Amino acid sequence: METGSSSEGSPEPKKGKSKTPRKPKAKDSVLKQKSPAEFFAENKNIAGFDNPGKCLYTTVRELVENSLDSAESISELPVVEVTIEEIGKSKFNSMIGLVDRERVDEALYDDHETAKARERRLAKEAKAQEIQAKNAALGKKVKETTASKGMKGRGEASFYRVTCKDNGRGMPHDDIPNMFGRVLSGTKYGLKQTRGKFGLGAKMALIWSKMSTGLPIEISSSMRDQDYMSFCRLDIDIHRNMPHIHVHEKRENKDQWCGAEIQIVIEGNWTTYRSKILHYMRQMAVITPYAQFLFKFISDAPEKNVTIKFARRTDVMPPVPLETKHHPSSVDLLLIKRLITETSKQNLLQFLQHEFVNIGKSYAERLIGEMGPDFSPKMSVKSLTSQQIVRINQLFRQAKFDDPSGDCLSPAGEYNLRLGIIKELHPDMVATYSGSAQVFEGHPFIVEAGVSVGGKDVKQGLNIFRFANRIPLLFEQGADVVTRTALKRINWNNYKINQTQDKIGVFVSIVSTKIPFKGTGKEYIGDDISEIATAVKSAVQQCCIQLKSKIVKKIQAREQQERKRNLSKYIPDATNAVYDVLKEMAQLHASKKKRYENEDAEILKKVSAKLITKETLRQKLAEHVEKVDYEMALEYATHGGASEEPKEAIYIQSLETEPKFIDLRSPIFVFRLFQ
C-alpha cells in the first residue's frame, strides 16, 4: 500500500524544508550577565525612580541626605542649599547641541487635533460661554472657565537642573569617579545607623540622567586643609558599571570653601511632585533643627519661583553613630563565613570574643564546650569546615545572649525633636518622649515620638510624620506601623483629644542599625513586627499622657475664667439688690421700728449718710472677684509649674573668638556653661 494514496488532495510538502524542529542557533544558548548598573537601569523603580515626578523627588532626597551625612561626619552644623532650575525645550536643545526644528507634518504628532475634533472643542467652549453669560445675567455665581489643555505628547518632556551644595567633608580627589560612576560602591557599608547603605542613590540619579537627557553629572568638592578644589564631569558606562570621565582636574580654591556641590540635569515633573518635595524639606527641617536649608525653584515664569529658608534653631547635634559588631542572634551562615575570611584573629576563642557583641571570654568558652569534641578554644578559625560553621550557626540560633545596647545608635533626641516641631509647626502644645533601646532580630532600635496639638498650616485630624534613621518617609503610608498605631491603637478621647476636630501632629522617629523596611522602595515599616509596634504605641501613649495633664489644666483655667466672667456679669444686678435691701434696713433703723447693733448699725449709718453707695458696693464686689481669681490662679500656677509657652534659647556669649563651653543635657533642654 502506497502512502501517497491515503493523502489524496493534500498539498505536497515544499522541497528543501524539513519537518524536524528548527535547532536553536549556538549564540542563543550563550550565558549572559548584566552589570549592576544595567540591572538597576532596567529596574529603576527599585530605587524609587518610578516616573519623572518621583525621579525628581528621589534625586533631591538622595542629594540632601548625602549632604547631611557629609556634614555630620565631621560634626559640622549642616548648611544645605538645594536649587531646582526649570529648563525649557529650546535651552535644553542648545545644551545638547541640537538645533530647534519646527513641525512639518502636524498629523504625525500625538497631540495633533483633527478638524472634527477642533470643531467639537470649539462648540463645547461656545456652549460653556453661553451658559456662563446666562448665569451672570441672572446674578448667579460664575465659575471661571479653565483654559482647555491640549494633549501632551509623550515626547514633550520637562527638564530640570538640580544643584545641591553643602559644607560637609568633601570627597578625596581620586575617589570621586568611583563614588559617582560605579553602582554598589560606597562608604556606608558595615553595621551602623546610616541614612543610606547601598551606594545607590546618587548613582541612580546619574543613571536616570543618562537615560533621560544623556548629560553628565558635575561635581565640585574640596576637603579641609586642601588648597585646591576638585572638579569632575562624568557619566556612567552602564554595561561595564564604570565611570566615563569627561573632565577630572584640580582647580584653584580662592574662597577656601570646604564641602561638595553636585549638579545634574534630569527629566522630571515639578508640577505633580511640588508638594511632596516641599513636604520632604519641611519634615527634614523638623528632624534636623540643627541644619539650615535653603530651597529654590527657578522658572522662566517669575510667578512660579519658590524660595524657602528653613532656619537653624539649635547648634546641638546628635552624636555621630558608631559602627558596632554583629549580635550572635542576627547572623547567618554567609555572614559567619565572611567574618571568618576577614578576621585577623587566629583561634576560635578570640574570634568569638572580638567579632561579636555580648560574648565574653567565659561565655565563649562555654559555647565552644557546647559545640562538641571537634571544637577547641585554640583551634585555628581558618581551619573550620563547612559542617563546623553550620554547627556554630545552629548554636547561635538556639543559645541565649544578652540584648545589644543602643550605644551605637544616634537618635535625634527629645530636645531636637521638640525644637523641630515648635520651629516648623508652631503648635499650641507639644509633648515628646524617647524610649529606651529595644531589640528586633538582634538589632537594637530606639523609638522617639512627639505629639502636638494646634499649629500653623496643620490640617484638622491626624497629621502623621514618619522618620526612619532620621529620614522622612512620605509614601506608602497606609500600611505603615506608625499610621496603623495612630489610627487604630490609640484611643484619643481618653486623653481629652478630639481625633477629628483637633489639629493633631504625630511624629515618630525610629533609628536602628537595620530598619526592617517592607518592599524595595524603603518607604514604610510593616505592621507585623510586634516589638516595633509595641514600642511605637508605648511612645505615642507617653506623649498623650503628658498632653492630657496639660489639656486638663488648660480646661480648668478656662473654666476658672468662665466663672470669673459669670461673676463679673452679675455684679451690677447683685449690687442693686443688696443696696436696695440696705436702704430699707437703714430706714427701719432710723425710725426705730427695728434696732440694729454693733457693726450692722455702723453700716446702716454709713448708708444713710451716703458714705456707702451703689458704686462703693460694685467696686468692693469686683475687688472680691479679682481676689478669688488671683488666689485660684496662684494655686493653679503652683501646681502647674512654669508656663508652657515655648522659650527662645538665650546664650551668654564669651568674649573669645572661639568660645569654649560644656553642654549639660536633659531630655527637654540643654544648659550651656561657657568657660
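- As annotated in an unreviewed UniProt entry, the chain carries the name DNA topoisomerase 6 subunit B and comes from Quercus rubra.
- Of the comments in the UniProt record for the chain, the one headed Sequence similarities (unreviewed entry) reads "Belongs to the TOP6B family."
- Per its UniProt entry, the chain bears the Subcellular location (unreviewed entry) comment "Nucleus".

## With respect to the overall build of the chain
Right, on to step 1. When its secondary structure is counted, the chain shows 17 helices and 18 strands.
Right, on to step 2. Residue burial in the chain is summarised as follows: out of 675 residues, 41% are buried.
Right, on to step 3. A separation threshold of at least 6 residues defines the contact pool for the chain, and within that pool the share at least 24 residues apart is 74%.
Right, on to step 4. For the chain, the accessible area works out to roughly 40,000 Å², and carbon and sulfur atoms hold 51% of it.

## So, the pairing of strand β14 (residues 503–512)
Right, on to step 1. In terms of residue burial, β14 counts as a mostly covered element, since nine of its ten residues are buried.
Right, on to step 2. Of the pairings in the sheet, the one linking strand β11 (residues 443–453) to β14 comprises nine bridges and is antiparallel in character. Paired with S452 across the two strands is G505, which belongs to β14.
Right, on to step 3. With eight bridges joining them, strand β12 (residues 461–468) and β14 adopt parallel strand pairing. Paired with L462 across the two strands is I504, which belongs to β14.

## Quick notes on the environment of I612
Right, on to step 1. Positionally, I612 belongs in the loop between α16 (598–608) and α17 (614–640).
Right, on to step 2. For the pair formed by I612 and Y579, sequence separation is 33 residues and the distance between their alpha carbons is 8.9 Å.
Right, on to step 3. Not counting the four nearest positions on each side in its chain, I612 is found in contact with Y579, I603, K606, V607 and L617.

## So, the side chain of N469
Right, on to step 1. Structurally, the position occupied by N469 is in the loop between β12 and β13 (471–473).
Right, on to step 2. Within the local environment of N469, its side chain forms a polar contact with the backbone nitrogen of S512, the two atoms lying 2.9 Å apart.

## Describing the sheet that holds strand β8 (residues 306–310)
Right, on to step 1. Within the open sheet, the eight strands sit side by side as β5-β4-β3-β6-β2-β1-β7-β8. Their pairing is mixed. Of all the strands in the sheet, the pair left with one neighbour each is β5 (242–252) and β8. With direction set aside, neighbouring strand axes in the sheet form an average angle of 15 degrees.
Right, on to step 2. Both strand β7 (residues 292–298) and β8 contribute to a ladder of five bridges, which runs antiparallel. By the bridge assignment for β8, F293 is matched with F310.
Right, on to step 3. Against the sheet, helix α7 (residues 270–287) makes contact with β1 (79–87), β2 (158–166), β6 (259–268), β7 and β8, and its axis sits at roughly 170 degrees relative to β7, the strand it touches most.

## Here's the deal with the packing of aromatic side chains
Right, on to step 1. The full count for this structure, using the stated rule, is twelve aromatic pairs.
Right, on to step 2. Consider the rings of F465 and F507, whose centres lie 4.5 Å apart with planes at 5 degrees: the pair is stacked. With a gap of 42 residues between them, F465 in strand β12 and F507 in strand β14 connect regions that are remote in the sequence.
Right, on to step 3. Aromatic rings pair up to connect F351, F356, Y363, F396 and F401 into one cluster.
Right, on to step 4. If you follow K250 out to its NZ or CZ, it ends over the ring of Y228, 4.6 Å from the centre.
Right, on to step 5. Sitting over the face of the ring of F231, R251 holds its NZ or CZ atom 3.8 Å from the ring centroid.

## Notes on the pattern of salt bridges
Right, on to step 1. Following the criterion strictly, the structure yields 18 salt bridges and no others.
Right, on to step 2. Residue R470 is joined to E72 by a salt bridge in which the shortest nitrogen-to-oxygen separation is 3.4 Å. One end of the pair, R470, is in the loop between β12 and β13; the other, E72, is in helix α2 (residues 52–72), and 398 residues separate them in sequence. Across the pair, E72 and R470 agree in class, each one buried.
Right, on to step 3. Notably, a salt bridge pairs D235 with K210, separated by 3.9 Å at the nearest N-O pair. Placement of D235 in strand β4 (residues 228–237) and of K210 in helix α6 (residues 201–212) is noted, with a sequence separation of 25 residues between them.
Right, on to step 4. With relative accessibility at 7%, the residue D235 sits in the buried group.
Right, on to step 5. The class for K210 is partly exposed, based on a relative accessible area of 34%.
Right, on to step 6. Each of R61, E65 and E523 takes part in one network of salt bridges that share partners.

Reading the values: the criteria
- Residues numbered from 1 in each chain as written.
- Predicted model: local features only at pLDDT ≥ 70, side-chain atom pairs only at ≥ 80, totals over all residues.
- Heavy atoms only, no water.
- UniProt positions renumbered as here; feature names shortened; annotations may be inferred.
- Helix = DSSP H or I, 4+ residues; strand = E, 2+ residues; numbered from the N terminus.
- Buried < 20%, exposed > 50% of the residue type's maximum accessible area, 1.4 Å probe, protein only.
- Contact = heavy atoms within 4.5 Å.
- Areas by Shrake-Rupley, 256 points an atom, 1.4 Å probe, with all protein chains shown as cover.
- Pairing = 2+ DSSP bridges.
- Polar contact = N/O pair within 3.5 Å; in protein donor to acceptor, adjacent residues only side chain to side chain.
- Axes fitted to C-alpha atoms, helices over the stretch in contact; angles between N-to-C directions.
- Phe/Tyr/Trp six-rings, centres within 6.5 Å; stacked < 30°, edge-to-face > 60°.
- Lys NZ or Arg CZ within 6 Å of the ring centre and 35° of its normal.
- Salt bridge = Lys/Arg side-chain N within 4 Å of Asp/Glu carboxyl O.

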